[in-house]
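So the chains spell out like this:
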There are 2 protein chains.
Amino acid sequence: MSVNTQATIASFGGKLLKLAHNSSVLGCESKFNLFLPPQSQNSRVPLLIYLSGLTCTGDNCSEKGFFQHGASKRGIAVLYPDTSPRGIGIQGEDDSYDFGTGAGFYVDATAEPWSKNYNMYSYITDELPKTVFDAFKDQLDSSKVSITGHSMGGHGALSLFLKNPGKYKSVSAFAPISNPLKAPWGEKAFKGYFGEQDWQKKGAEHDSTELLKKWKGGDLDILIDVGTGDNFYKQGQLLPENFVAAAKEIGQEMGVNVRYQPDYDHSYYTMATFADDHVDHAAKYLFA
Amino acid sequence: MSVNTQATIASFGGKLLKLAHNSSVLGCESKFNLFLPPQSQNSRVPLLIYLSGLTCTGDNCSEKGFFQHGASKRGIAVLYPDTSPRGIGIQGEDDSYDFGTGAGFYVDATAEPWSKNYNMYSYITDELPKTVFDAFKDQLDSSKVSITGHSMGGHGALSLFLKNPGKYKSVSAFAPISNPLKAPWGEKAFKGYFGEQDWQKKGAEHDSTELLKKWKGGDLDILIDVGTGDNFYKQGQLLPENFVAAAKEIGQEMGVNVRYQPDYDHSYYTMATFADDHVDHAAKYLFA
């Protein structure tokens, strides 16, 4: 459970820590970043987990997402995990941007040869937070955790929240892959990680739209931003409309607030613009 | 003077335009970014020029510096030029990170083989603003221009301001190379661009500390942020103390506000943290 500090960077009055540890569930060293706001010097602060999208590491949003701006004001720590195991050496893991390295999809793979290492679901829901709360027990309040993410990480945030009622105080997402069973990215990932036989059944257990249809956890308040200039939205990779339809199906249409942001694209410029709103959304529940 | 729009990106309620034009003084195509705040839809807005540091293009600060956050609130456009000509093909131009490509140092070179293209001083003070104000005459107020920059770009901002009294409404800088004649980076650049014979004499015409000693332009109000964790500061590349000493020499010590920011480094995390302060500093004079 030991954590190795590779760099400490001053940011918005707090510290961005570049960290690494040996992950058992991934079977490799895993890097991640943790932003500790100035308030963590005097008291234990809540934690917002930010899950990144395809091809990214925890560094991209740390540099370009602007979450530290709001998190510093609010007194919230931000955890930026990686998106997959690294350097495993499975044949084909580096062949495409949307499968394998950088594309763990926040599931536990069941198909060979991925099942031994590609366990990002267990990593994010269990091993990483345990590691972080153990290493930073004086800075972090482990009882107050929210989750957010972008694209593949938006899928991660929504599905982890919906699969684990009560685990996270709130959820929000940027351009989430909201119905991966119906999207090319999701189909490719689920077929690969779950196998051609099982991908639809097992995929349904990680598909936010399918999970929402079965939601029994009480009133929802989910904030989602999608840019109308987002090419992946236009190509049908994100399908937020299906998520909204599922919310209506269960009488939770008031609980899903999808904001279609005019002209905004799929890039970090969008996260930077609306990061404060997502931190504020989390703060409403983390400090409730 | 025509400008080619390569991308339009929504950012903080405004638009970040990725632009290119054929520069006469550089003798090549030159790319730059222009952030137009939402206010520019209804009226002509002031302009803040941000000069980048070694190795950078206009993209780095557009993505990681978060000037758009404050500029959008204040109604200020931000211009992000490149740091040198590109693709000229001079032997050795790509050999080092601190000379040639990406390292134009905001001077007009006089030594061969650089003097034909490496004319960043004329480019930034004359050709680029003319081009931009011509292309965006309905969005920009050419009578209200301020300047800022980072590292080599901080040197650029200070020296352009001090060489041209009245041209810029205000100046600020992050980690500026404040006395390049006394710093390894500056010595290398000036020797290269001005020649071994002339580098000290010509360099003095671009050295902010030397320029400040001869300042006759009235009361100054210069904001400078330097991180105490900045390795280049520790290595003596920045020398802000010399700039402060020059200010005292001319009785302008009240006009130079160097803030030593504890633990902050030379990276964009520092710009991101204090960008709002520098936009506010410019706004005080742009809207005076």
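Every value quoted in this text rests on a predicted model; they were computed, and no experiment measured them.

So, how was this worked out
Residues numbered from 1 in each chain as written. Chains lettered and ligands numbered in written order. Predicted model: local features only at pLDDT ≥ 70, side-chain atom pairs only at ≥ 80, totals over all residues. Heavy atoms only, no water. Helix = DSSP H or I, 4+ residues; strand = E, 2+ residues; numbered from the N terminus. Rg over C-alpha atoms; globule rule 2.2 N^0.38 Å. Buried < 20%, exposed > 50% of the residue type's maximum accessible area, 1.4 Å probe, protein only. Contact = heavy atoms within 4.5 Å. Lys, Arg positive; Asp, Glu negative; His and termini not counted. Charge placed at Lys NZ, Arg CZ, Asp CG, Glu CD. Salt bridge = Lys/Arg side-chain N within 4 Å of Asp/Glu carboxyl O. Least-squares fit on C-alpha atoms with pLDDT ≥ 70 in both. Pairing = 2+ DSSP bridges. Axes fitted to C-alpha atoms, helices over the stretch in contact; angles between N-to-C directions. Phe/Tyr/Trp six-rings, centres within 6.5 Å; stacked < 30°, edge-to-face > 60°. Lys NZ or Arg CZ within 6 Å of the ring centre and 35° of its normal. Buried area = accessible area lost by both parts, 1.4 Å probe. Polar contact = N/O pair within 3.5 Å; in protein donor to acceptor, adjacent residues only side chain to side chain. Nonpolar A, V, L, I, M, F, W, Y, C, P; charged D, E, K, R; others polar. Parallel < 35°, antiparallel > 145°, perpendicular 65-115°, else oblique. Left-handed = near helix turned anticlockwise from the far one by under 90°. UniProt positions renumbered as here; feature names shortened; annotations may be inferred.

Caption draft 1: Local environment of the overall build of chain A. Regarding its fold elements, chain A presents 10 helices and 9 strands. What you see for chain A is a C-alpha radius of gyration of 18 Å, in line with the 19 Å of a compact globule of 288 residues. Along the first, second and third principal axes, the C-alpha set of chain A runs to 50 × 45 × 35 Å. Out of the 288 residues in chain A, the part that is buried amounts to 60%. Expressed as a percentage of contacts within chain A between residues at least 6 apart in sequence, the contacts between residues at least 24 apart total 70%. Chain A carries 27 positive and 33 negative side-chain charges, and their two centres are separated by 4 Å.

Caption draft 2: Layout of the pattern of salt bridges. Residue and element names in this part refer to chain A. As enumerated under the stated definition, the model contains 28 salt bridges over all chains in all. Among the ionic pairs, Arg-259 bridges to Asp-225, the shortest N-O distance being 2.7 Å. Here Arg-259, found in strand β9 (residues 256-261), pairs with Asp-225, found in strand β8 (residues 222-227); they are 34 residues apart in sequence, far enough to count as distant. The exposure class assigned to Arg-259 is partly exposed, which follows from its relative accessible area of 23%. One salt-bridge network, held together by shared partners, links Asp-225, Arg-259 and Asp-277.

Caption draft 3: Region of the structure containing the relation of the copies chain B and chain A. Overlaying chain B with chain A gives an RMSD of 0.0 Å, the required rotation being 180 degrees about an axis along which the chain moves by 0.0 Å. Interpreted geometrically, this transformation is the action of a two-fold axis. Identified as the residue of chain B closest to the rotation axis by C-alpha distance is Lys-64 of chain B, at 2.5 Å. The fraction of interface residues of chain B whose copies in chain A are also interface residues reaches 100%, indicating that both copies meet through the same surface.

Caption draft 4: Structural view of the sheet that holds β8 of chain A. All names here are of chain A. Sheet architecture is open: 3 strands sit in the order β7-β8-β9, paired in parallel fashion. Only two strands of the sheet have a single neighbouring strand rather than two, namely β7 (172-174) and β9. Neighbouring strand axes in the sheet, compared pairwise and without regard to direction, differ in orientation by 15 degrees on average. The pairing of β8 with β9 spans 6 bridges and is parallel. The residue of β9 that forms the bridge with Leu-223 is Asn-257. Each of β7, β8 and β9 is contacted by helix α10 (residues 268-286), which is oriented at about 175 degrees to β7, the strand it contacts most.

Caption draft 5: View of the packing of aromatic side chains. Counted by the stated rule, this structure contains 31 aromatic pairs over all chains. Judged by centre distance (5.2 Å) and plane angle (55 degrees), the rings of Tyr-50 of chain B and Phe-67 of chain B are tilted. With Tyr-50 of chain B in strand β4 (residues 45-51) and Phe-67 of chain B in helix α2 (residues 67-74), the pair connects residues that are 17 residues apart, well separated along the chain. Grouping residues by exposure puts Tyr-50 of chain B and Phe-67 of chain B together as buried. Each residue in the set Phe-12 and Phe-66 of chain A together with Phe-12 and Phe-66 of chain B is aromatic and connected to the rest through ring pairs, giving one cluster. It is Lys-163 of chain A that lies over the ring of Tyr-121 of chain A; its NZ or CZ is 5.3 Å from the centre.

Caption draft 6: Main features of the interface of chain B and chain A. Contacts between the two partners involve 21 residues from chain B and, on the opposite side, 22 residues from chain A. Taking both sides of the interface into account, the surface hidden between chain B and chain A amounts to around 1,800 Å²; carbon and sulfur atoms contribute 59%. Between Lys-64 of chain B and Glu-63 of chain A there is a salt bridge; the shortest N-O distance is 3.9 Å. At the boundary of chain B with chain A, the tally comes to 8 residue pairs in polar contact (both at pLDDT 80 or more). Those elements giving two or more residues to the side of chain B that touches chain A turn out to be β1 (4-11), β2 (14-23), α1 (58-64), α2 and α10 (268-286) of chain B. Looking at the side of chain B that touches chain A element by element, the count peaks at 4 residues for α10 of chain B. For the side of chain B that touches chain A, the per-class residue count stands at 9 nonpolar, 6 polar and 6 charged.

Caption draft 7: Here's a closer look at the pairing of strand β1 (residues 4-11) of chain A. By the bridge criterion, 7 bridges tie β1 of chain A to strand β2 (residues 14-23) of chain A in an arrangement that is antiparallel. Paired with Thr-8 of chain A across the two strands is Leu-17 of chain A, which belongs to β2 of chain A.

Caption draft 8: Molecular detail of the packing of α2 of chain B against α10 of chain B. All names here are of chain B. Relative to each other, α2 and α10 sit at 30 degrees, their axes nearing to 7 Å. By the angle between their axes, α2 is roughly parallel relative to α10. Handedness of the crossing formed by α2 with α10: right-handed. Between α2, through Phe-67, His-69, Gly-70, Ala-71 and Arg-74, and α10, the contact on the second element is made entirely by Met-271, Ala-275, Asp-276, His-278, Val-279, Asp-280 and Ala-283. For the contact of α2 with α10, a count of residues per class yields 6 nonpolar, 3 polar and 3 charged.

Caption draft 9: The arrangement of the UniProt feature "active site" (unreviewed entry) in chain A in detail. Residue and element names in this part refer to chain A. In this structure's numbering, the residues bearing the UniProt feature "active site" (unreviewed entry) are Ser-151, Asp-230 and His-266. These annotated residues cover 116 residues of sequence, and their C-alpha atoms lie no more than 10.8 Å from one another, placing them together at a single site. Position of Ser-151 among the secondary structure elements: in the loop between β6 (140-149) and α4 (152-163). With residues up to four places along the chain from it excluded, the contact list for Ser-151 reads Gly-53, Phe-174, Ala-175, Pro-176, Ile-177, Trp-185 and His-266.

Caption draft 10: Looking closely at unusual backbone geometry. Residue and element names in this part refer to chain A. Put simply, Glu-112 and Pro-113 share a cis peptide bond, and its omega is 0 degrees. Of note, Phe-105 is a non-glycine position whose phi angle comes to about 60 degrees, a positive value. In this fold, Phe-105 is placed in the loop between β5 (77-81) and α3 (120-135). In this structure Phe-105 comes out as buried when scored by relative accessible area, which is 0%.

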